[in-house]
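Descriptive analysis of the structure
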Amino acid sequence: MSPPDTNPLLVVPAAIPFDAIRASHVVPAIERLLTEARAEVAAIATDTQPRTYDSVLGRLEKATEPLENAMTLVGHLESVTNSPELRAAYNQVKPEVSAFYAGLPLDEGLWAALESYSKTDDARALPAVKRRLLTRTIDDFVRHGARLDPSGKKRLEALTRELAQVSQKFSENVLDATAAWEMVITDEAKLKGLPRSAVEGAAESARSKGVTGWRFTLQAPSVIPVMTYLDDREIRRDVYRAYNRRATEGAHDNRANIGRILELRREKAQLLGYKDFADLLLEDRMAKNGAAARAFVDDLARRTDLAFARENAELEAFRARQSETGVLEPWDLGYWAEKQRLALYDFDEEELRPYFPINRVISGLFETVERLYGVNVVEDPALPTWGAHVKAYAITEGDGTKLGHFYADFYPREEKRGGAWMNGLITGDAKIAPHVGVICANVSPPVGDKPALLTHDEVETLFHEFGHLLHHMLTRVEVRSLAGTNVAWDFVELPSQIMENWTWERAALDLFARHHLDGSTIPQPLFEKLTKARTYRAANAQMRQLGFATVDLMMHMDYDPTRDGDPTLYARSIAQRFSPVTLPDDYAFVTSFGHLFASEVGYAAGYYSYKWAEVLDADAFTRFKEHGVFSREVGEAFRKSVLERGNGSDPMELYREFMGRDPDLKALLERSGLA
Ligand code: ZN
């Protein structure tokens, strides 16, 4: 153990000494920061001085900052340089830190201090952003039980505990039920249609289990190619049915767990004074309540119906022309859709790769944000990082003022988790002392001496995460907990998703999509194929998402176990309205729907956010399109109204400030070819 004064996690400096942080620093630093934070919180409650912003709210903000910075950093390192020691240290401190945060709203002394401060003249005279912090803190404490009497608080804690247990059980059942199923094929003729990579994967899976033949499982990389390419219809049917019946039987049956989770959530909402769980959850989101979220989903579904019917008729006709007869079943959809896609577009994603060498993509991305927002991004090799493959960059204003720096870690490694993400490591203070962030991805690495060549999808991902990064790096909100990406869940994807639009614009692509050998731009016919393939069966994709969103909202608003019975049948009957074909009687996708049930909250009552955010980004991008996609003027407006403002104002107000009106669904429908 190091002496406390040399522990780099105690006060994390902007130039984070990654080379000096050890797993052995974690436990002593977090323990000490927790003790200090607890002492500060207790001191706020017992302080006898007149209550002011600085002695109550401001002090609470400061009390948790060192702990939050250290925990964020440790969590980040656990994601990118996982070692058994680091993971053990992180897991050791995590429950205590979560318990500390969960206990704040139930701390009677702290609550009394907040309430009495809120009634002072000082509180009434607060400037807008600090006023917002006060209102939100009070509301948040109330939503977490601050106003309950002692028996109510006890009940709330019991509900929260049981919810954690049952959702944990739910998620274990999904894992176990998924792992419990396999199909081994020994007749090679039955693999017809499958791409070679899927055949090799199945052979490898069989070898790893010591069986001969080809082994298929219910993991996505096994299921997706089967449903998309395999000619054998009976195998497709068996895989489909097994997949959508996971966790409905025996020891892994999740039906009762779903019923219990919904019951606990409803009781929690009602204990806190809300009609249902959706209203509790959505109060501080853009939608504000369950009814508004449902109205949004219904409206979008109605406006997708016509195109949905057209796509389904086209697919039926296409299939009939291939002289396949009989009813189109759910396990035929992906298969025939892929055949039709090939016939219509003959588009292979791989053709684009040579046009996306990573270095050009990155410099094009930087140039795009330089043109739009007037900032400069330059590499800063002086900053320590967590590995040779990680690069550090500074972001400065045009006049050289430093806004902050960030680290970029783009390629997969064994000790790094999958996916792509942005993390704000440090939020600068009121004078906008440097912000620090990271952007991580797992894109195709370089092969041999060729540069890394990306797929369009990967390019989109990098632009997406960079949008989150800008939201963090450009923030000018002086209150840390309202800064950057600390915004409502149905707003947080606007800055990221809007960036994806530049990867679909010819003018932007020509900036960075250049062939790695001769520097040529994407040929027009290939660009057209890319654009057309984007909207292929968009109504089906949209209806599928809207179906999930509706099931989610209905289960958290209307479902009544005594009236509606088996939750899987209830969910199936709703999903049917959004399906192009009749679903099997035992279709039970909710028993493995982790988004809704695998954690205490997760995406519960929030699945609609995916589409909500798409509406916002498609709509907001129309202003860029109108004035040229590199318009500095529109960029500046977006920066001033959205990127700099974090959660300092109501997100709908920020949106209106930028667009001059409410969001409109039309742009998303047009972009998806559904208008
Ligand atoms: Zn995102």
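Residues numbered from 1 in each chain as written. Predicted model: local features only at pLDDT ≥ 70, side-chain atom pairs only at ≥ 80, totals over all residues. Heavy atoms only, no water.

This part takes up the overall build of the chain. Scanning the chain for helices and strands turns up 27 helices and 7 strands. Once the C-alpha set of the chain is aligned to its principal axes, its extents read approximately 85 × 65 × 55 Å. Here the chain, with 675 residues, has 53% of them falling under the buried criterion. When contacts within the chain are restricted to residue pairs at least 6 apart in sequence, those whose partners lie at least 24 apart make up 73%. Carbon and sulfur atoms make up 52% of the accessible area of the chain, which totals about 29200 Å². For the chain, the distance from the average position of its 82 positive side-chain charges to the average position of its 101 negative side-chain charges is 1 Å. (Helix = DSSP H or I, 4+ residues; strand = E, 2+ residues; numbered from the N terminus. Buried < 20%, exposed > 50% of the residue type's maximum accessible area, 1.4 Å probe, protein only. Contact = heavy atoms within 4.5 Å. Areas by Shrake-Rupley, 256 points an atom, 1.4 Å probe, with all protein chains shown as cover. Lys, Arg positive; Asp, Glu negative; His and termini not counted. Charge placed at Lys NZ, Arg CZ, Asp CG, Glu CD.)

Another aspect to go through is the sheet that holds strand β4 (residues 391-397). Read from one edge of the open sheet, 5 strands run β3-β4-β5-β7-β6, paired in mixed fashion. Of all strands in the sheet, those bounded by a partner on one side alone are β3 (375-379) and β6 (421-426). Within the sheet, the average angular offset between the axes of one strand and its neighbour, ignoring direction, is 25°. One ladder, built from 5 bridges, connects β3 with β4; its direction is antiparallel. Looking at β4, one finds that E379 is bridged to Y393. Relative to β6, helix α2 (residues 57-80) is tilted by about 145°, and along the sheet it contacts β5 (402-409), β6 and β7 (435-440). (Pairing = 2+ DSSP bridges. Axes fitted to C-alpha atoms, helices over the stretch in contact; angles between N-to-C directions.)

Across all of its chains, the model carries 36 aromatic pairs by this definition. Centroid distance F170 to F597: 5.5 Å. Interplanar angle 55°. Geometry classified as tilted. Of this pair, F170 sits in helix α7 (residues 150-180) while F597 sits in helix α23 (residues 594-597), and the two are 427 residues apart along the sequence. As far as burial versus exposure is concerned, F170 and F597 are alike and both buried. Three or more aromatic residues joined by ring pairs form one cluster here, namely Y240, W331, W489, F548, Y587, F589, F593, Y603, Y607 and Y610. When the ring centre of Y335 is taken as reference, the NZ or CZ atom of R236 above it lies at 4.0 Å. (Phe/Tyr/Trp six-rings, centres within 6.5 Å; stacked < 30°, edge-to-face > 60°. Lys NZ or Arg CZ within 6 Å of the ring centre and 35° of its normal.)

Here we take up the pattern of salt bridges. The tally for this structure, following the rule as stated, stands at 58 salt bridges. A salt bridge links D617 to R671; the nearest nitrogen and oxygen atoms lie 2.7 Å apart. Here the residue D617 occupies a position in helix α24 (residues 609-627), and R671 occupies one in helix α27 (residues 666-671), the gap between them amounting to 54 residues. Judged by relative accessible area, D617 falls into the buried class, the value being 2%. Taking relative accessible area as the criterion, R671 reaches 22% and is therefore assigned partly exposed. Among the charged side chains, a network of salt bridges with common partners joins E397, R476, R632, E636, R639, K640 and E644. (Salt bridge = Lys/Arg side-chain N within 4 Å of Asp/Glu carboxyl O.)

By domain assignment, the chain separates into domain 1 (4-147), domain 2 (181-239), domain 3 (251-347 + 550-601) and domain 4 (354-523 + 610-671). Between the C-alpha centres of domain 2 and domain 4 the distance comes to 39 Å. (Domains from an automatic or database assignment.)

A few words on helix α11 (residues 255-271). Counted at 1.5 Å a residue, the expected span for α11 with its 17 residues is 24 Å, and the 24 Å between its end C-alpha atoms agrees. Regarding α11, the residues found buried are N257, I258, G259, I261, L262, L264, R265, K268 and A269. The inward-facing, buried residues of α11 abut α7, α12 (277-282), α20 (538-557), α22 (567-576) and α23. After α11 finishes, the residue G273 shows a positive phi value of roughly 90°. (Expected span 1.5 Å × (residues − 1).)

Running from amino to carboxyl end, helix α1 (residues 26-46) crosses α2 at an angle of 165°, the nearest separation of the two axes being 9 Å. In terms of orientation, α1 lies roughly antiparallel with respect to α2. The two elements α1 and α2 cross, and the hand of that crossing is left-handed. When α1 is examined against α2, the residues V26, I30, L33, L34, A37, E40, V41, A43 and I44 are found in contact with a partner set consisting of R59, L60, A63, P66, L67, A70, M71 and V74. Class assignment of the residues belonging to the contact of α1 with α2 gives a composition of 15 nonpolar, no polar and 2 charged. (Parallel < 35°, antiparallel > 145°, perpendicular 65-115°, else oblique. Left-handed = near helix turned anticlockwise from the far one by under 90°. Nonpolar A, V, L, I, M, F, W, Y, C, P; charged D, E, K, R; others polar.)

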